[in-house]
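Listed below, chain by chain, are the residues.
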Amino acid sequence: MHVHVNAATSVDGKLSTHRREQVAISGDEDFARVDRLRAEVDAVAVGVGTVLADDPSLVRHDESHREAERGDLPPPARVVVDSRGRTPLDASILDGGPTTYLLAADALSTERERALSGAGATVLRTGGASDSDRVDIEAGLSALADHGVERLLVEGGGELIFSLFDAGLVDRLTLYVGSMVVGGRDAPTLADGAGFVEGFPALSLAGVEQVDDGVLLRYDVP
Ligand SMILES: NC(=O)c1ccc[n+]([C@@H]2O[C@H](COP(=O)([O-])OP(=O)(O)OC[C@H]3O[C@@H](n4cnc5c(N)ncnc54)[C@H](OP(=O)(O)O)[C@@H]3O)[C@@H](O)[C@H]2O)c1
Ligand SMILES: Nc1nc(=O)c(N)c(NC[C@H](O)[C@H](O)[C@H](O)COP(=O)(O)O)[nH]1
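As a starting point, this report considers the structure included with it. The model shown is predicted, which means the values in this text are computed figures rather than measured ones. (Residues numbered from 1 in each chain as written. Chains lettered and ligands numbered in written order. Predicted model: local features only at pLDDT ≥ 70, side-chain atom pairs only at ≥ 80, totals over all residues. Heavy atoms only, no water.)

**Examining the pairing of strand S5 (residues 121-125)**
Then step 1. With five bridges joining them, strand S4 (residues 100-104) and S5 adopt parallel strand pairing. Note on S5: the bridge partner recorded for Thr-100 is Ala-121.
Then step 2. Viewed along the sheet, the connection from S4 through helix H4 (residues 110-118) into S5 turns out right-handed. (Pairing = 2+ DSSP bridges. Helix = DSSP H or I, 4+ residues; strand = E, 2+ residues; numbered from the N terminus. Right-handed = clockwise from strand over helix to strand, strands pointing away.)

Here it is, written out as structure tokens:
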């Protein structure tokens, strides 16, 4: 599976405020670029932290490119990495649009699984990671591959992005750096989790361009 991570940070590397409230870091041009990226993939994923903070729908907003970019392909599926089923039953991601896969661990109760399935989620239990109750991310991506997902766009947040780097599963990173300072030692950053102390993932810079009043950085991950 090809995994493309896309996110937007402030110049000080923050994804949002210390209150974990969504900040529009991208401008119109960058949000339109993300919309086009969604057209190139089979599924768009976030962690449940992002669902709880931002309530994204992860659908394409501008369908005008769809014919040229996706042909007859169905709209991209949505994915939430959500060990215990914390996704609210009325979340926008469960709006009855494209398929929404919920990658869950053993910590998901059968009662909550039933409720989420009833609300429209396709629950894929992938077991727990060996060191936590969380979703085993490698097993989760394999389960998605079994459902035909070959190209995955991950839109955050920092916990999920760290786990993907930690597991060596990121193929490409596009990072929009908006010209603002958010600050806050507890504000989410591009890669949170436990952090690395050695074996830092090395990226290969593949492009730099100005978008809106910020900078778009493109990296390949060798
Ligand atoms: N600027 C941007 O581009 C951007 C993009 C996205 C989000 N955001 C911001 O980022 C914040 C949310 O980020 P976040 O880091 O808190 O949340 P996140 O990465 O979206 O979700 C993290 C949660 O996913 C679940 N999870 C399950 N298995 C996991 C695994 N193997 N690895 C990592 N997580 C796993 C965990 O909850 P359980 O243990 O309950 O399963 C974990 O707490 C919000 O403030 C949002 O506004 C900004
Ligand atoms: N590219 C980008 N720039 C930002 O400034 C920002 N705050 C996000 N945040 C990611 C957000 O949490 C969601 O993943 C979707 O970008 C919103 O999804 P909708 O289109 O509302 O469904 N993403």
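Now that the structure has been shown, we can carry on.
**Considering the packing of aromatic side chains**
A ring pair, where both rings are aromatic, is described by two values, the distance of the centres and the angle of the planes.
Then step 1. Following the criterion strictly, the structure yields one aromatic pair and no others.
Then step 2. Here Phe-162 and Phe-196 contribute two aromatic rings whose centre-to-centre distance is 4.6 Å and whose plane-to-plane angle is 40°, an arrangement assigned as tilted. In this pair, Phe-162 is assigned in helix H6 (residues 158-166) and Phe-196 in the loop between strand S7 (172-177) and strand S8 (204-211), connecting sequence segments 34 residues apart.
Then step 3. For Phe-162, a relative accessible area of 7% puts it in the buried group. (Phe/Tyr/Trp six-rings, centres within 6.5 Å; stacked < 30°, edge-to-face > 60°. Buried < 20%, exposed > 50% of the residue type's maximum accessible area, 1.4 Å probe, protein only.)

**A word on the site of ligand 1**
Then step 1. In the vicinity of ligand 1, 28 residues are found, and the nearest of them are Ser-16, Thr-50, Asp-54, Ser-83 and Ser-163.
Then step 2. One nitrogen or oxygen atom from the side chain of Thr-50 is found 2.6 Å from an oxygen atom belonging to ligand 1.
Then step 3. Within the contact set of ligand 1, an oxygen atom lies 2.7 Å away from a side-chain nitrogen or oxygen of Arg-86.
Then step 4. The fraction of the free accessible surface of ligand 1 (920 Å²) that becomes covered by protein chains is 91%.
Then step 5. Where the shell around ligand 1 is concerned, the elements lending two or more residues are strand S1 (2-9), helix H2 (48-54) and H6. (Near = heavy atom within 4 Å. Polar contact = N/O pair within 3.5 Å; in protein donor to acceptor, adjacent residues only side chain to side chain. Areas by Shrake-Rupley, 256 points an atom, 1.4 Å probe, with all protein chains shown as cover.)

**A few points about the sheet that holds strand S2 (residues 43-47)**
Then step 1. Ordered by their spatial adjacency, nine strands build an open sheet running S5-S4-S3-S2-S6-S1-S7-S9-S8, and the pairing between neighbours is mixed. Each edge of the open sheet carries a strand with a single partner, namely S5 and S8. Sheet twist, expressed as the mean angle between neighbouring strand axes with direction ignored, is 20°.
Then step 2. Across five bridges, the pairing between S2 and strand S3 (residues 77-81) is parallel. Counted as the bridge partner of Val-44 is Arg-78 from S3.
Then step 3. Helix H5 (residues 137-146) rests against S1, S3, S4, S5 and strand S6 (151-154) of the sheet, and its axis sits at about 150° to S4.
Then step 4. Contacting S1, S2, S3, S6 and S7, H6 runs over the sheet at an angle of about 140° to S1. (Axes fitted to C-alpha atoms, helices over the stretch in contact; angles between N-to-C directions. Contact = heavy atoms within 4.5 Å.)

**Brief notes about the nonpolar core**
Then step 1. Counting 34 residues, the largest nonpolar core has Val-79, Leu-144, Leu-152, Val-154 and Leu-164 as its most contacted members.
Then step 2. Sequence-distant contacts of Leu-152, defined by excluding residues within four places in its chain, comprise Met-1, His-2, Val-3, His-4, Val-41, Ala-43, Val-44, Ala-45, Val-79, Leu-141 and Leu-144. (Core = buried A, V, L, I, M, F, W, Y, C linked by side-chain atoms within 4.5 Å.)

**Things to note about the side chain of Asp-35**
Then step 1. Position of Asp-35 relative to the elements: it lies in helix H1 (residues 28-39).
Then step 2. Asp-35 gets classed as buried once you look at its relative accessible area, which sits at 6%.
Then step 3. When near neighbours in sequence (up to four residues on either side) are disregarded, Asp-35 contacts Val-59, Arg-60, His-61 and Asp-62.

**With respect to the side chain of Ser-26**
Then step 1. Note that Ser-26 resides in the loop between S1 and H1.
Then step 2. On the basis of relative accessibility, which here comes to 11%, the residue Ser-26 falls in the buried class.
Then step 3. In this structure the side chain of Ser-26 is engaged in a polar contact, spanning 2.7 Å, whose partner is the side chain of Asp-30.
Then step 4. Apart from residues lying up to four places away in sequence, Ser-26 is in contact with Ala-8, Phe-31, Tyr-176 and Asp-212.

**Considering the site of ligand 2**
Then step 1. If you check the shell around ligand 2, you find 18 residues, and the closest are Ile-25, Ser-26, Asp-54, Ser-57 and His-61.
Then step 2. Side-chain polar atom of Asp-54 to an oxygen atom of ligand 2: 2.2 Å apart, as the coordinates give it.
Then step 3. Within the contact set of ligand 2, an oxygen atom lies 2.7 Å away from a backbone nitrogen or oxygen of Leu-58.
Then step 4. Of all the elements in the fold, those that place two or more residues in the shell around ligand 2 are S1, H1 and H2.
Then step 5. Its residues assigned to classes, the shell around ligand 2 shows nine nonpolar, six polar and three charged. (Nonpolar A, V, L, I, M, F, W, Y, C, P; charged D, E, K, R; others polar.)

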